[in-house]
Amino acid sequence: MMKATELLQEDHEKMRNLLERLRSARDKEELLLKVEKEIRIHAQLEEALFYPAVRDVDGAWVDSALDAHQQVDELLEDLIDAVEEEEEFEQKLNELEEHLNAHIDDEEVRIFPQMEERLEEQLNELGSQIGQMRSDLEEEWREAA
Ligand SMILES: [Fe+2]
Ligand SMILES: [Fe+2]
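What counts and how
- Residues numbered from 1 in each chain as written.
- Chains lettered and ligands numbered in written order.
- Predicted model: local features only at pLDDT ≥ 70, side-chain atom pairs only at ≥ 80, totals over all residues.
- Core = buried A, V, L, I, M, F, W, Y, C linked by C-beta atoms within 7 Å.
- Buried ≥ 20, exposed ≤ 12 C-beta atoms within 10 Å, placed from the backbone.
- Helix = DSSP H or I, 4+ residues; strand = E, 2+ residues; numbered from the N terminus.
- Contact = placed C-beta atoms within 7 Å.
- Bend = angle between axes of the 7 residues up to and from the residue.
- UniProt positions renumbered as here; feature names shortened; annotations may be inferred.
- Axes fitted to C-alpha atoms, helices over the stretch in contact; angles between N-to-C directions.
- Parallel < 35°, antiparallel > 145°, perpendicular 65-115°, else oblique.
- Left-handed = near helix turned anticlockwise from the far one by under 90°.

## So, the nonpolar core
Piece 1. Counting residues in hydrophobic clusters, the biggest one holds 15 residues, and the most contacted among them are Ala4, Phe50, Val54, Met115, Leu126 and Ile130.
Piece 2. Broken down by secondary-structure element, the contributors of at least two residues to this core are helix 1 (4–24), helix 2 (28–55), helix 3 (59–81), helix 4 (86–119) and helix 5 (122–144).
Piece 3. If one sorts the elements of this core by residue count, helix 4 sits on top with four residues.
Piece 4. Aside from chain neighbours lying at most four places away, what touches Phe50 is Ala4, Leu8, Leu45 and Leu126.
Piece 5. Ranked by size, the runner-up nonpolar core spans 13 residues in total, among them Ile39, Val72, Leu96 and Leu100.

Following this line, the structure appears as structure tokens:
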């Protein structure tokens with residue numbers, strides 16, 4: 001069993017690596033779909049299951065994090081739209097990476113350690129809920145493909 005924060009941190013690592021790979025990928029379309037899926041699923045998991053617990057601790061932070069998700073979402077749309085334009089794509093990728101990494105760092109530095117201290121054993125339960133919801137969302141993506 002894994003803690004919620006550990007699972008989310010694994011997602012962060014995956015997203016960082018995918019964006020790095022996207023920079024040099026020849027077939028961008030396929031990888032981009034993977035990036036989109038990972039970013040969207042991760043945001044849904046956090047917003048549905050993790051942030052409600054964080055809200056009890058720091059509501060203002062959650063509001064700013066939701067803004068950050070919104071912004072990442074818009075940059076992701078821009079990136080998808082720019083897939084045919086090499087220069088534009090690189091520029092959008094830089095922007096997305098910058099915003100996503102800043103948000104991820106913010107979570108890992110400011111929020112995860114605090115939640116690990118406060119929630120302790122509840123984090124395992126939350127982790128299994130996250131795992132369950134991830135399977136459901138992945139199933140939806142498979143059906144939509
Ligand atoms: Fe987030
Ligand atoms: Fe996150």
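## Remarks on helix 2
Piece 1. The sharpest bend along helix 2 comes to roughly 45 degrees, located at Glu47.
Piece 2. Along its buried surface, helix 2 packs onto helix 1, helix 3, helix 4 and helix 5.

## A short note on the environment of Gly59
Piece 1. Take Gly59: it is sitting in helix 3.
Piece 2. In this structure Gly59 comes out as exposed when scored by C-beta crowding, with 11 C-beta atoms within 10 Å.
Piece 3. Remark: the alpha-carbon pair of Gly59 and Leu93, spanning 34 residues in sequence, is separated by 30 Å.

## Describing the UniProt feature "domain: Hemerythrin-like" (unreviewed entry) in the protein
Piece 1. In this structure's numbering, the residues bearing the UniProt feature "domain: Hemerythrin-like" (unreviewed entry) are residues 5–114.
Piece 2. Structurally, residues 5–114 is divided into 91% helix and 0% strand, and its ends, taken at the C-alpha atoms, are 10 Å apart.

## Brief notes about the packing of helix 1 against helix 2
Piece 1. Interaxial distance between helix 1 and helix 2 falls to 10 Å at its minimum, and their mutual angle equals 155 degrees. Comparing the axis directions of helix 1 and helix 2 gives the class roughly antiparallel. Handedness of the helix 1/helix 2 crossing: left-handed. When helix 1 is examined against helix 2, the residues Ala4, Leu8, Asp11, Lys14, Met15, Leu18, Leu19, Arg21 and Leu22 are found in contact with a partner set consisting of Lys28, Leu31, Leu32, Lys34, Val35, Glu38, Ile39, His42, Glu46 and Phe50.

## Some remarks on the environment of Asn124
Piece 1. Counting through the fold element by element, Asn124 comes out in helix 5.
Piece 2. For the pair Asn124 and Thr5, spaced 119 residues apart in sequence, the C-alpha to C-alpha distance is 9.1 Å.
Piece 3. In this structure Asn124 touches Met1 and Lys3, once residues within four positions along its chain are discounted.

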